[in-house]
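# Survey of secondary and tertiary structure
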Amino acid sequence: MNNYKFEELSVGMSESFNVTITEDMLSKFRDITGDVNPLHNDTEFAVSKGHPGRVAFGMLTASFLSTLAGVYIPGERSLIQQVETKFANPVYIGDELTVKGEITELIDSVQRLELKVTITNQNGKKVLRGKMQILVV
């Protein structure tokens, strides 16, 4: 876990990590949220709608932004204030995702950073893009 202080951060700094989507993740997410949409839970239904298999929950994919901020940049000093996301492409079981954040702005007066975020799959296809505002406490 990183522990960046605000004064150690600079525009252009970036961090990333990889995660592979598993069937267990989808099951646990369903159990936590109660989202029983068949697109996420029924392979036959998802295939009938043109997908190769069950589609991972968009918010499961977005949840890795919490890891990005809380573990990587800035790390344990983070307090997420705002998250904007756009889901560019679906994610499936077995996809290996790269979660990346790059600092685009630092606001000294409130010790806040803006992070441009992207999540890409193993084929380099962007599945999520957005930005985060994070206080460094």
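Numbering of residues starts from 1 in each chain and follows the order in which that chain's sequence is written. For a predicted model such as this one, the threshold for reporting local features is a pLDDT of at least 70, and the threshold for listing and counting side-chain atom pairs is 80 or more; totals across whole chains, interfaces and linings nevertheless cover every residue. Water and hydrogen atoms were dropped before computing side-chain values, which therefore reflect all heavy atoms in the structure.

### A few points about the overall build of the protein chain
Helical segments are the DSSP runs of H or I of at least four residues, strand segments are the runs of E of at least two, and each set is numbered from the N terminus. Helices and strands together make up the secondary structure of the protein chain, namely four helices and five strands. Along the chain direction, N to C, the helices and strands of the protein chain fall in the order β-α-α-α-α-β-β-β-β. In terms of principal-axis extent, the alpha carbons of the protein chain reach across some 50 × 30 × 20 Å. Sorting the 137 residues of the protein chain into buried and exposed places 36% on the buried side. When contacts within the protein chain are restricted to residue pairs at least 6 apart in sequence, long-range pairs at least 24 apart make up 66% of them. Exposure is judged per residue with a 1.4 Å probe applied to protein chains only, and the accessible area is read against the type maximum: over 50% gives exposed, under 20% gives buried, and values in between give partly exposed. Every residue pair with non-hydrogen atoms within 4.5 Å of one another is taken to be in contact.

### Describing the sheet that holds strand β5 (residues 126–136)
Strand pairing requires that DSSP identify at least two bridges connecting the strands. Taken in spatial order, the five strands line up as β1-β3-β4-β5-β2 in an open sheet, and their pairing is antiparallel. Of all strands in the sheet, those with a lone pairing partner are β1 (14–20) and β2 (78–87), marking the two edges. Strand-to-strand, the axes of this sheet are offset by a mean angle of 20 degrees, without reference to chain direction. Bridge count between β1 and strand β3 (residues 96–107): seven bridges; the pairing is antiparallel. Residue pairing in the sheet places Ser16 in a bridge with Lys100 of β3. Throughout, an axis means a line fitted to C-alpha atoms (over the contacting stretch in the case of helices), and angles, computed between N-to-C directions, take values from 0 to 180 degrees. Where helix α4 (residues 58–72) meets the sheet, its contacts fall on β1, β2, β3, β4 (112–120) and β5, and the angle it forms with β2 comes to roughly 145 degrees.

### Some words on the side chain of Thr61
Secondary-structure assignment places Thr61 in helix α4. With near-sequence residues (within four places) excluded, Thr61 lies in contact with Val91, Leu97, Ile119, Val127 and Leu128.

### Regarding the pairing of β3
Note that β3 and β4 share nine bridges and pair antiparallel. The partner of Ile103 across the bridge, within β4, is Leu115. Counting the residues that bridge the hairpin from β3 to β4 gives four residues, and of these Gln111 lies at a positive phi of roughly 50 degrees.

### Thoughts on a positive patch on the surface
Note on patches: the residues involved have over 30% relative accessible area and no salt bridge, like charges join within 9 Å, and the nonpolar side chains Val, Leu, Ile, Met, Phe, Trp and Tyr join within 5 Å. The Shrake-Rupley method, run with a 1.4 Å probe, gives the accessible areas here. Residue values count only the displayed protein chains as cover. Salt bridge, as used here: a side-chain nitrogen of Lys or Arg that lies within 4 Å of a carboxyl oxygen of Asp or Glu. His is not counted here, nor are the chain ends, while Lys and Arg score as positive and Asp and Glu score as negative. In this description, the location of a charge corresponds to atom NZ of lysine, CZ of arginine, CG of aspartate or CD of glutamate. Where like charges cluster on the molecular surface, the positive patch consists of Lys86, Lys100, Lys116, Lys126, Arg129 and Lys131. The biggest single contributor to the positive patch is β5, with three residues. Relative to the assigned elements, Lys100 resides in strand β3.

### Examining α4
Along its 15 residues, α4 runs 21 Å from first to last C-alpha, staying within 8% of the 21 Å computed at 1.5 Å per residue. Among the residues of α4, those classed as buried are Leu60, Thr61, Ala62, Phe64, Leu65, Leu68 and Ala69. Buried residues belonging to α4 abut β1, α1 (23–33), β2, β3, β4 and β5. Residue count minus one, scaled by 1.5 Å, sets the expected span of a helix.

### A look at the nonpolar core
Counting residues in hydrophobic clusters, the biggest one holds 31 residues, and the most contacted among them are Leu9, Leu65, Leu68, Val99 and Leu115. Contributing elements (two or more residues each) for this core: β1, α1, α4, β3, β4 and β5. The element best represented in this core is α4, accounting for six residues. Excluding residues within four positions of it along the chain, Leu9 makes contact with Tyr4, Pro74, Ile103, Leu106, Leu113 and Val136. Among buried residues, the Ala, Val, Leu, Ile, Met, Phe, Trp, Tyr and Cys ones that are joined through side-chain atoms within 4.5 Å form a nonpolar core.

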